[in-house]
Each structure stands twice: as structure tokens, then as C-alpha cells.
Amino acid sequence: MAPVFPLHNRHVAFDKELRTRTMHNERVTFTENLRQYCLNTTIHGLKYIGTVSLTWCERAYFFLTFLVVTACSIYFISKVYIKWQSSPIIIGLNPIATHIKNIPFPAVTICNMNQVRREVAERIEERTLEQTVLQSICSIDGDYNVTQYEGKWSAVKKLLLSSTQPCSGMLKACRYAKQREKCSEIFQSVFTDEGLCCTFNTLDTVHMFQNATAPSIFPAEVSNGSGRFRPILWTPEQGYGEPPTNTTYPRVIAGTGVTMGLAMVLDANVSDYYCSSTSSTGFKIIFHSPAETPKITDYAQYIPVGSENRIIITPKINDAADQIRKVAQSQRQCVFGSEANLSYYSVYSRNNCELECEARLILENCGCVLYYLPKLCEETKICSRANARCYEQIRSSIAFTANTSIVCTCLPGCFEISYIPDVTTAELQVGKFGIRENLLDEVKDEEYAKKNLALIYIFVKDTYYRSFTKGELVGFTDFLSNVGGLLGLFLGFSIISLIEVIYFVTLRPYCAKRKQQRTNVKDRNVEVGKLNAARNDLLWFGSKPPVTTVQFLGRSNDHGYADDNHLQAGPNAMVKEYATKLKHLVHSRLQQASGWVRNTFRSRRTQLGRGFGQERTGPRSYPFYD
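Q: What is the right way to read helix 14 (residues 388-399) from this model?
A: Side chains that are three or four residues apart share a direction in an α-helix, a result of its 3.6 residues per turn. Compared with the 16 Å implied by 1.5 Å per residue over 12 residues, the 16 Å span of helix 14 between its first and last C-alpha is a close match. By the burial criterion, the buried members of helix 14 are Ala388, Tyr391, Ile394 and Ser397. Contacts from the buried residues of helix 14 go to helix 13 (350-366).

Dropping the structure here:
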């Protein structure tokens, strides 16, 4: 019996060697991947770092140079980024001028300097609610321990409507765009910080305010907006909601020149003055956007009595490019209409925002609101002179720009329109000579005209006006171009270089690993085949069976040929071996067949020859079966 050899240790050694070789082949090293990236990248200088044929000194030189150039590019890119973030907006003149047909005529608000008529004030009894409200309107100090005063908006509104000069008494004659108009149809009453005033060409309450039920600054008792004119929507950003006509308002600018503007005759009724915020007689006038509520006390201009005034209006238009919407408000310093967060007004403007902010701060600190400020409900308490110290302090704090505790941070609108007046004044003369102006036809008393009347013309003189447009100083495209130029200058970096980085970091290691795994599977199959053959050799206990070889006719038994064919492995080698054997077999059989045919014909000739007298000699031969 043949001896049994210890196979276990040798089997373990084969398996361990196979696993070690497989793990080594599957590992894709970071160093090799980095070297391949340096040799193949389009970034300048890195190929010298990855070249193995260079010395360490040469490779260190290019590596340090690459670091210095990279640091320089980062420094200059940071400068471009700081410029992009710090000053992204530029204001310039729009190359496309705006025609006056697309610009609304300015809203004109006029107030008599007299806030309360004398005949009404003298009828008010002392220590009554009306007296307290009168003191509040006229800013007169007095005894505020009046129990009847409840601070309701209804009481204040009632006294204002009864004690202030109405628009029908102040406006004597009106004309717009060469057409004579009834003043009560084109003007409406409005509550301001100067009391009850008259305004022309403003938005209707439906379009100006958020809530139709909130207390309005337009008293419905006096306003006559329901005449032959129909209100339409207009905003500085979107323009008119529908094409304007001669029967809609706000009206557009009809044309240039004094005849196409607004003309009116005002009556101050100086003999009825009781209290005023100024020390003179006459009117206060202000020009503003149709979507705004004006501040008369602080910003209005004076129109003296006994004067003829020509006021040339220059529209100042501010708009913005759509690209700056993505810029933060703190950087572009303006607010778009879609970003407005007003509670009282529908259309955003800085003036409307400041009025809401002032009302909110006074209400929070004093518990009341001034009568002309926005109010969200009827129950809001109206401030009296007893609250004067509180609300005057709040108003002063808001106006004082250095104050940081109480401040209204209202940015201007990105789309706004304002009107800059240029006033020229002359003395009014009536009855001394013939004049062409027919608005003064009904005025006959020269002395009364000098002491009470004022004639005003409001118009524009240009057909086109250029707007101030906010645009991008350094947009994202410019920033990207600057960064790309710097990277190309210092490093030769491009988008393809970035794609190469992504490829060598993600795709190439993954693909190399997959390819290595497939190669390892093939190598593992070969190794397993060899290992199985070795096991079979070790497990054979007797002598090996003799190798049976087949020798074909017509070919010698070539040991070298047999050994080569015997040692070939794999399906391709077996197919080649079988094809070669089949070829030799067919070749040998064909040779045998041809020999058999030749011998057959030779034997037949021999037999025929013997039939003619020849003797047959020798044994019969069948070479095909040999």
C-alpha cells in the first residue's frame, strides 16, 4: 500500500497564497492614482511633479512653484469676490427714454394754512369734547382733565369735517389739458398733518389700501370720486393695470406746456383764519406719487396769496433691472413691490412705510395714534394734547438719524417716481387791464383777489425723460469671467480641468477597481484549477496510469509535439488540439485511400496481363486494411 502524505498544511498554504495575491491585486493605491492625474491633467506644471524620471530636486521645484502660483490666484480671486459682494449695484441713466404718455401726472395736494375756521372755533364751548379736539388739531396747550374726551376717531373726524375749509370753498376754478373741469370732480378731500386738504390725481381707496373696512384718510362724506371719472390701478413697478383714457384716473400727462397742464384758482379766505402751523397766509402745496400719502408740514412749498405761480414739474423716475432681485436688500438698498410687508397701504413706497412705522411706534409707546396716521381699526385711540410730550418725543427720535433705539428702517422702492418742482411767482393783478386767462373772469374785486386768491399753473416741458436704473455692477457672469481669467493666467485651469479632478477622484478609482476585480476573478479561476490539479496529484496513492497515445498513419510519434499539445490548457488550446488531430486523421485516411486505389488498379492490370498468358505470383494484398 502506498504511503499517505500530509495534505492539510500544503492545502492551507495554497489558499493563503491565493487570498494574499487576490487582495493585493484588488487594491487601487492613492499614490498611483495621484501620479496618473499629475501626468494627464491639463493644469500647468503638475506633469513634472508626476514624472518619475525627474530627480526629487526638480520635482520639488515644480511643486513649490505650483503652491506659490496657487496662492497668488487665491489672493486675487478673493479681491474680486469682495468687490462682487460689497458693491454689486450701479446706478446709471437708462439709454431708453420714457415718454410722458407712460408717466402719470403728479398727485397735487393743496392745504390752506388755516387749519380751523374762526366762525366754527368761536362757537365751541369751553371744557367740552370739541374744545379738546380743537386743541389737539391746533396744537394749543390747555386743561386736559376733560372727562368727555374719549379719543375716538369718529369725534375727531366729525370736528375736522365741520371746522376745516372744504375743497369746494378753497378751489374756485379748475382746468386740465385745455378742458374746464368741475373742481369737486377732479379733487377729493384727504386728511393730512395739516388737517383736511384737497388732492388731485391720487389712487382710489380700493387700490391704495389693503383693507377697505379700515379707517380711510379719504372722508367719504366730502369726497366725490364717483363722478364721470373711473378709478384704475397704477403702481410704479407695473404701471397702469389697463390703458388709461380721458375718463379714468390717475391721469397721464396729456402734453407739454402750460396749456396742457393743470390750472386752478385758490381762495384762502384769510378773514376766517383761526390757527395755523405757519406765521403767514396762503397755501401749502406738494407734488407726490399717486400711490403715496404726503407729509405736508415738513415737505410742502408755500404759495402766497395775491400771486400767479408757474410750476414746471420734472419727473424723476427710478427703476431697476430684474437681475438685481437675487441681490440682498441690504446690498441693493431698495425694495421690490413683491417684497413689501405693509399692513395699511397696498403699494409700497418709502413714504408709506415711514407713516406706518411712525403710527406703530407711537401706538406702542403712547397708547394712541395721531389722527392723520394709518389706523387699522375704528377703536384705535386718537392722541390729544395730553399725549403731546410722548408722541413728540417719538417723532423727534425717528427724525434724529443718529438715534439707534427708535428708528424706522424703510428702504426706498426699487421702482419709484417723484416730481421736482421749479416755481416762479409774480404778483397777481386783476381788473387793471385785459387778460386772456378766463379762470379769473368771475373775479371782480381787485382788493379781495390780492388778499385771498392765488393762480397756479402746473405743467411739464419735455416729452421724454430718462430714468435712473439700478443694475448689476459685477454680476455672476462677470465674476465667473474674472475668476476664470485669473485661474487660466496662473494655472491654466478650465472647466475641463475641474472635470478631470472629478474623474480622478470618483470615476477612475471605481472603474479601475471593477476592472481589477474582473481580472482577479479570471486569475482566481486559473489558480483554483492549478490548485485542484495539485491536489489530485497529491491524493493519487498508486502508480500513475500509463498515458495512452494514438499514433496516426503517415505521421511519426513526435514526443515534442505530443508534450506541447498535452501541456496546453484552456478551452482554446483544447479546440486547437482537437482540430490538429482531426486534420492529421483526415490526411492519413486520404493517403490510405489513395494508396488503396493505386494498388487496386495495379492489381487489376496484373490480373488482366495474366489472362493473356502471364502467371499470377505472390500473395493477395489489401493495403487499405493494413
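Q: In this structure, what is going on with the sheet that holds strand 16 (residues 301-304)? I would like to understand it.
A: The strand order 7-8-3-15-16 describes an open sheet built from 5 strands, whose pairing is antiparallel. If you trace the sheet from one side to the other, it starts and ends with strand 7 (187-192) and strand 16, each paired once. Pairs of neighbouring strands in the sheet enclose a mean axial angle of 35 degrees, with direction left out of account. As defined by bridge partners, strand 15 (residues 282-288) adjoins strand 16 across 4 bridges and the pair is classed as antiparallel. When the sheet's bridge partners are listed, Gly282 is paired in strand 16 with Pro304.

Q: It is not clear to me how the packing of helix 13 against helix 14 should be interpreted in this structure. Could you clarify?
A: Pairs of packed helices are described in terms of their axes, by the angle between the two and the distance that separates them. Orientation of helix 13 relative to helix 14, taken along the N-to-C sense of each, is 135 degrees, at an axis distance of 10 Å. By the criterion of interaxial angle, the relationship of helix 13 to helix 14 is oblique. Helix-helix and strand crossings are classified by hand; for helix 13 and helix 14 the assignment is right-handed. Residue-level inspection shows Glu358, Leu361, Ile362, Asn365 and Cys366 of helix 13 in contact with helix 14, the latter providing Cys390, Tyr391, Ile394, Arg395 and Ile398. Counted by class, the contact of helix 13 with helix 14 contains 7 nonpolar, 1 polar and 2 charged residues.

Q: I keep staring at unusual backbone geometry and nothing clicks. Help me out?
A: Among all residues save glycine, negative phi is the norm, and among peptide bonds the norm is trans. At the junction of Tyr249 and Pro250, the peptide bond is cis and its omega measures out at 5 degrees in the coordinates. Residues other than glycine seldom take positive phi values, yet Ala177 does so here, at roughly 55 degrees. As for its position among the elements, Ala177 is in the loop between strand 5 (171-176) and strand 6 (179-181). For Ala177, a relative accessible area of 22% gives the class partly exposed.

Q: What am I meant to see in the environment of Val443 here?
A: Along the chain, the position of Val443 falls in the loop between strand 18 (416-427) and helix 15 (446-452). The exposure class assigned to Val443 is buried, which follows from its relative accessible area of 18%. Put simply, Val443 and Leu453 are 10 residues apart on the chain and 9.4 Å apart in space, counted from C-alpha to C-alpha. With residues up to four places along the chain from it excluded, the contact list for Val443 reads Val430, Ala449 and Leu453.

Calculation rules
- Residues numbered from 1 in each chain as written.
- Predicted model: local features only at pLDDT ≥ 70, side-chain atom pairs only at ≥ 80, totals over all residues.
- Heavy atoms only, no water.
- Helix = DSSP H or I, 4+ residues; strand = E, 2+ residues; numbered from the N terminus.
- Expected span 1.5 Å × (residues − 1).
- Buried < 20%, exposed > 50% of the residue type's maximum accessible area, 1.4 Å probe, protein only.
- Contact = heavy atoms within 4.5 Å.
- Pairing = 2+ DSSP bridges.
- Axes fitted to C-alpha atoms, helices over the stretch in contact; angles between N-to-C directions.
- Parallel < 35°, antiparallel > 145°, perpendicular 65-115°, else oblique.
- Left-handed = near helix turned anticlockwise from the far one by under 90°.
- Nonpolar A, V, L, I, M, F, W, Y, C, P; charged D, E, K, R; others polar.

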